[in-house]
Every structure is written in C-alpha cells, then in structure tokens.
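If you want the building blocks of each chain, they are given just below.
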Amino acid sequence: MASSSVAVGTFELRDMDDVLQWGHSVVRIGSSLRPFKPKFMCYSPKKVSARTAHLRTLAMQSSFRCQAATLEGGLRTVHQNRTSEERVYEVVLKQAALMAQRVAQGSTSTPFLVQDAENLDGVLPVDLSISFSPQLLKEAYARCGEVCAEYAKTFYLGTKLMTPERQQAIWAIYVWCRRTDELVDGPNASHITPAALDRWEQRLEDIYDGRPYDMLDAALADTVRKFPIDIQPFRDMIEGMRMDLFKSRYETFDELYLYCYYVAGTVGLMSVPVMGIAPDSKATTESIYNAALALGIANQLTNILRDVGEDARRGRIYLPRDELAQFGLCEDDIFAGAVTEKWRAFMKDQITRARMFFDEAEKGVVDLDKDSRWPVWASLILYRQILDSIEENDYDNFTKRAYVGKWKKFLSLPAAYGRALLHPSWTPILAGKGFS
Ligand SMILES: CC(C)=CCC/C(C)=C/CC/C(C)=C/CC/C(C)=C/[C@@H]1[C@@H](COP(=O)(O)OP(=O)(O)O)[C@]1(C)CC/C=C(\C)CC/C=C(\C)CCC=C(C)C
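In this text the structure is predicted, and so the values were computed from the model without any measurement.

About the criteria used
- Residues numbered from 1 in each chain as written.
- Predicted model: local features only at pLDDT ≥ 70, side-chain atom pairs only at ≥ 80, totals over all residues.
- Heavy atoms only, no water.
- Near = heavy atom within 4 Å.
- Polar contact = N/O pair within 3.5 Å; in protein donor to acceptor, adjacent residues only side chain to side chain.
- Areas by Shrake-Rupley, 256 points an atom, 1.4 Å probe, with all protein chains shown as cover.
- Helix = DSSP H or I, 4+ residues; strand = E, 2+ residues; numbered from the N terminus.
- pLDDT = per-residue confidence, 0-100.
- Contact = heavy atoms within 4.5 Å.
- Expected span 1.5 Å × (residues − 1).
- Buried < 20%, exposed > 50% of the residue type's maximum accessible area, 1.4 Å probe, protein only.
- Arc of directions from axis to C-beta.
- Core = buried A, V, L, I, M, F, W, Y, C linked by side-chain atoms within 4.5 Å.
- Axes fitted to C-alpha atoms, helices over the stretch in contact; angles between N-to-C directions.
- Parallel < 35°, antiparallel > 145°, perpendicular 65-115°, else oblique.
- Left-handed = near helix turned anticlockwise from the far one by under 90°.
- Nonpolar A, V, L, I, M, F, W, Y, C, P; charged D, E, K, R; others polar.
- Lys, Arg positive; Asp, Glu negative; His and termini not counted.
- Salt bridge = Lys/Arg side-chain N within 4 Å of Asp/Glu carboxyl O.

Visitor: Any details on the site of the ligand? Residues and values, ideally.
Guide: Neighbouring residues of the ligand: 29 residues in total, closest Phe155, Arg178, Met275, Arg306 and Tyr383. Within the side chain of Arg178, one N or O atom sits 2.7 Å away from an oxygen atom of the ligand. The contact in question runs from an oxygen atom of the ligand to an N or O atom on the side chain of Tyr383, over 2.8 Å. Notes on the ligand: free accessible area 1,000 Å², of which the protein chains cover 86%. Looking at the shell around the ligand, the elements that each hand over two or more residues are α6 (164-185), α10 (253-275), α11 (285-306), α15 (341-365) and α16 (370-392). Ranked by the residues each element gives to the shell around the ligand, the list is headed by α11, at nine residues.

Visitor: I'd like a description of the confidence of the model for the protein, backed by residues and values.
Guide: Of the residues in the protein, 72% reach a pLDDT of 70 or more, and the chain-wide mean stands at 79. Overall, residues 42-74 carries pLDDT values under 50, and its contacts beyond four positions in sequence, including any with other chains, amount to 65 contacts. Predicted confidence for residues 107-129 stays below pLDDT 50, and this span has 58 contacts to residues more than four positions away or in other chains. Prediction confidence for the complex, expressed as pTM and ipTM, is 0.81 and 0.95 respectively.

Visitor: Help me get a handle on helix α17 (residues 406-420), residues and values and all.
Guide: With 15 residues, α17 extends 21 Å from end C-alpha to end C-alpha; this agrees with the ideal 21 Å at 1.5 Å per step. Taken together, the buried positions of α17 are occupied by Ser412, Ala416 and Ala420. Lining the buried residues of α17 we find α16.

Visitor: Go over helix α4 (residues 134-151), please, and point to the residues and values.
Guide: Residues separated by three or four positions in an α-helix point in the same direction, a consequence of the helix having 3.6 residues per turn. For α4, with 18 residues, the first-to-last C-alpha span of 26 Å sits near the 26 Å given by 1.5 Å per residue. Turning to α4, its buried residues are Leu137, Ala140, Tyr141, Cys144, Gly145, Val147 and Cys148. One face of α4 carries all of its buried residues, which in axial projection span an arc of 160 degrees. Facing away from the buried side of α4 by over 90 degrees, the exposed positions are Lys138 and Glu150. Lining the buried residues of α4 we find α5 (153-159), α6 and α8 (215-226).

Visitor: Residues and numbers for the nonpolar core, please.
Guide: Ranked by size, the top nonpolar core spans 112 residues in total, and within it Trp176, Ile229, Leu256, Leu319, Ile334 and Trp343 carry the most contacts. For this core, the element with the most residues is α10, which contributes 15 residues. Setting aside residues up to four positions removed in sequence, Trp343 forms contacts with Val308, Leu319, Leu324, Leu329, Ile334, Ala338, Tyr395, Asn397 and Phe398.

Visitor: Break down the packing of α6 against helix α9 (residues 232-246) for me, with residues and values.
Guide: Across the interface, α6 lies against α9 with an axial gap of 9 Å and an inter-helix angle of 15 degrees. The angle between the axes of α6 and α9 places the two elements in the roughly parallel class. Note on packing geometry: the crossing formed by α6 with α9 is right-handed. Counted together, Trp176, Cys177, Thr180, Asp181 and Val184 of α6 and Phe234, Met237, Ile238, Met241, Asp244 and Leu245 of α9 form the full contact between these two elements. For the contact of α6 with α9, a count of residues per class yields eight nonpolar, one polar and two charged.

Visitor: Run through the side chain of Arg373, naming residues and quoting values.
Guide: Mapped onto the fold, Arg373 is located in helix α16. Put simply, Arg373 is tucked away with no salt bridge, and the nearest opposite charge, on Asp280, sits 5.2 Å away. Within polar-contact distance, the side chain of Arg373 engages the backbone oxygen of Leu422 at 2.7 Å. The residues contacting Arg373, other than those within four sequence positions of it, are Ala278, Val365, Val366, Leu368, Ala420, Leu421, Leu422, His423 and Pro424.

Visitor: Break down the environment of Ala97 for me, with residues and values.
Guide: Relative to the helices and strands, Ala97 resides in helix α3 (residues 84-105). The class of Ala97 is buried, set by a relative accessible area of 3%. For the pair Ala97 and Gly296, spaced 199 residues apart in the sequence, the C-alpha separation amounts to 20 Å.

Visitor: I'd like a description of the pattern of salt bridges, backed by residues and values.
Guide: Evaluation of the coordinates by the stated rule reveals 38 salt bridges. Residues Arg178 and Asp181 are paired through a salt bridge, measuring 3.6 Å at the closest nitrogen-oxygen approach. Of this pair, Arg178 and Asp181 both sit in helix α6, three residues apart, which is roughly one turn of the helix. Exposure remark for Arg178: the relative accessible area of 25% places this residue in the partly exposed category. Judged by relative accessible area, which is 22%, Asp181 ranks as partly exposed. The salt bridge partner of Arg211 is Asp206, with a shortest N-O separation of 2.9 Å. Arg211 sits in the partly exposed class, given a relative accessible area of 47%. Its relative accessible area of 18% is what places Asp206 among the buried residues.

Here it is in structure tokens:
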C-alpha cells in the first residue's frame, strides 16, 4: 500500500481518529460486546498502582489526535511525545480491526478463506491469480514442520493439537521468524549488514505479493493468503533486527519496550489470526491482541533477564540504564558480574514487571480458539517458570543459566492442558477463585 490511509471493507481509515472510532465500534460486533479500554502497563515496577484507565485513555486519545497516525509508515515514522507503548498500540488497533472484520463476517474458528480477501480490498495485498502447486505447498509445510520440531520440540507437539491448516500456518510463521532471528543471531551474523536486512524485507514484500523466493517462503505466502495477517508485524520484526545491529545499550524501559515489541510482541500479533478467537468469547478483539502482545513482551523480557551474563560477554546490555542507576548500579557492575544486594533488589523489580506482562497475557489466552489454547498455555507456563528459576539461582544470571528442568517441563504440560479446557464463558465464575 502506498498511501497512508487504509481501506477496510467500505470504510476508509485516514488517521488515528478514524481508526479509533471505527475500531471501537467494529471490534464489538458479533461476539465482542465489552468495550475495551487500553490498559497500559506501568513502566516503573515501583509504581505498580499505575494511572487510572480513564487518564490513560484520555492521554492516549489526545496524543493520537495531535498527530495523525501514519499507519503505513509503521513505527519507523518519527512520533514526538508519545511513548513506545502508545505507538505500538496503533499497530495493535490495526491488527484488531482486520481481525474484527473477520469476526463480523462469521466464525473465526475456520481458516480465513481466499474469497473473503476480496472484501478487505487493499488491506491484504494478495494476488488471487497466483496459485501454488498443492504438492509444492505440501512439501513446503512439511519442511516448516521439521524445522519447528528441530528447534522447538515442545511447542511443535502443542501445535499438533491444532487443525491441520492452523498448525501448518503457525509452522510457516515460526520458520520465517526463526530465519529472521538467525540473520543477526546465527552463525553468519557477523556478515549481516543493514543492506542485507533491506533485501530480506524486499523478500518479505515479495512473499506478500505472491512471489516467494524459496519453498519456505512459499509456505508463508500461502499462509498470509489464507489468514488475515497484516505485513506490519513482519516488517517490524525486521526493524528489531536492524536495531540489534547498531544498538547495544538501552537508556530507558521505553526504548527496551519498543525493542521487545519488534522482536517478540510482533510474534503474538502474527499468531492471533491463525490461532483464532473462540466463538463464545465475549472479549474484544483488541483486548485479545493486547494480551498476545503482552505475552511476546513478557517472553522477551524473561529472555533478557535470563541472558544478562551471556549478553554482557557479547558486549550487550539490554537492561535500562536509568533503572540500573536507580539501584546504584552501572554497566561496570554488569561486566563485573557480582551478585550483590543492590543487584538482587534490582532483579526483583525487573522480575515483578515481567510477571505483570505475563499476568496481562493470561487474561487473553482463554479467549483463543479451544485448540490453540494448549500450546499457548504450555509456552506461557514454561517461560514464566524461567523467572522462578532466576530466583532459585539467587539472582545469579551472570554465571548460571536459568532453565526449567525436564520434570518441571513435563508436569507443566498437563497443567497447561487443564487450563486450556477453561471456557471463555466460565471465566467470570472462576475469576476470584484463583483461576484468573
Ligand atoms: C504457541 C506459540 C508460542 C506460538 C508462537 C509461534 C511462533 C511463530 C514463534 C516464533 C518464535 C521466534 C523464532 C521468534 C524470533 C525472535 C525471537 C528469537 C524471539 C524470542 C523467542 C524465544 O526465542 P529462543 O528460541 O531464542 O528462546 P530460547 O533461547 O530457546 O529460550 C522469544 C522470547 C519471543 C517469542 C514470542 C512468542 C512465542 C509470542 C507468543 C505469543 C502468542 C503466541 C500469542 C498468544 C495469544 C494470546 C492471546 C496470549
């Protein structure tokens, strides 16, 4: 799309006001009856009480009004006076609007059909004239499944519970994310330049235009043709990899939040349209996307807290410099790697914040389609336990790698399965009884 406006059905969304107005009304169509107020997380773990939802909404809307959102420009456009969270929220709104369009058209529990794409003119850049050979696609998806099984065995097993269309789509997305990550984290990372990432982005555009470069790309091209997955989260993940090329220090949590969105929050946004929303969910599409975003952020924060020592040995510090300073710490303390009382206090705060993001994510899992809940719960529970393990290591994340042992992992699976059985309509009854 070349313009800054987005056509959704018969609507033309020109700026953020339009998106807010349209999004807030449309996301409530069908099963989504409760208006959703964006609840921004509190950046400072010290101020857990946070601002009121009313103030948050007002602040967000007035800042949105001041600056018409350039949706197409994504997050690369310069946005003054807005927090990263507000900027990322624009992307959430756009994804939710796309998905809501799908909800308005019928059930989300079946794959998005190609003919539905005609009703989203301009939103999904699909070329309906292109069709891939079914045999090639079968092989392509099978290869994606193999890669997924090799890198993420437990997660792969979880996807086996999903419908064949969904599991294949998740594998294709997984493989693209893994390959993107490998560009800056894999064996050839030292040869990767911004120009190489630009080429990777061009290849992504080609995937969306129905011109895949190899068979793994073909699987993704087929997936984005079947499901209402917008290109923006994919572009943003590449942007995160660009950030990793030149940035090795983070001044504030706001900077870190943006990085976490780029490399992990995006995964949540890509996954929701495939996983689907439970037909009996009463939640708004927007709130479910928000939960998915929160899970990505929580995972990435956990990853960062686990890998402090390893990252420091590569010259990288992801922990916000201003928050370190609040605890009387500086980057030399990280390189020295001493577990002091100051360090423990700092880590406790960081862990509290990561858990807040997990809590936010948990609220949305129940609203996913029933077959998709188990792998999400499994990955959430397993990743969340890494935080417990950092505590068990007495906050020594310089020399010890926090991990979840085989037995704990094994026991988490039935726990995840049990939670996945929870029905969206049961949550009001179970809330307050320790099941939230
Ligand atoms: C069910 C499920 C988890 C689906 C997601 C599948 C998927 C497409 C995963 C792609 C993951 C990937 C390869 C991302 C590339 C960037 C990256 C490496 C991010 C880090 C992941 C962990 O990486 P790594 O393998 O290096 O970790 P280990 O060292 O082995 O521990 C991240 C930390 C981010 C991963 C982010 C997610 C999995 C997002 C999950 C959110 C959802 C699936 C949305 C769920 C919906 C609701 C409503 C809660």
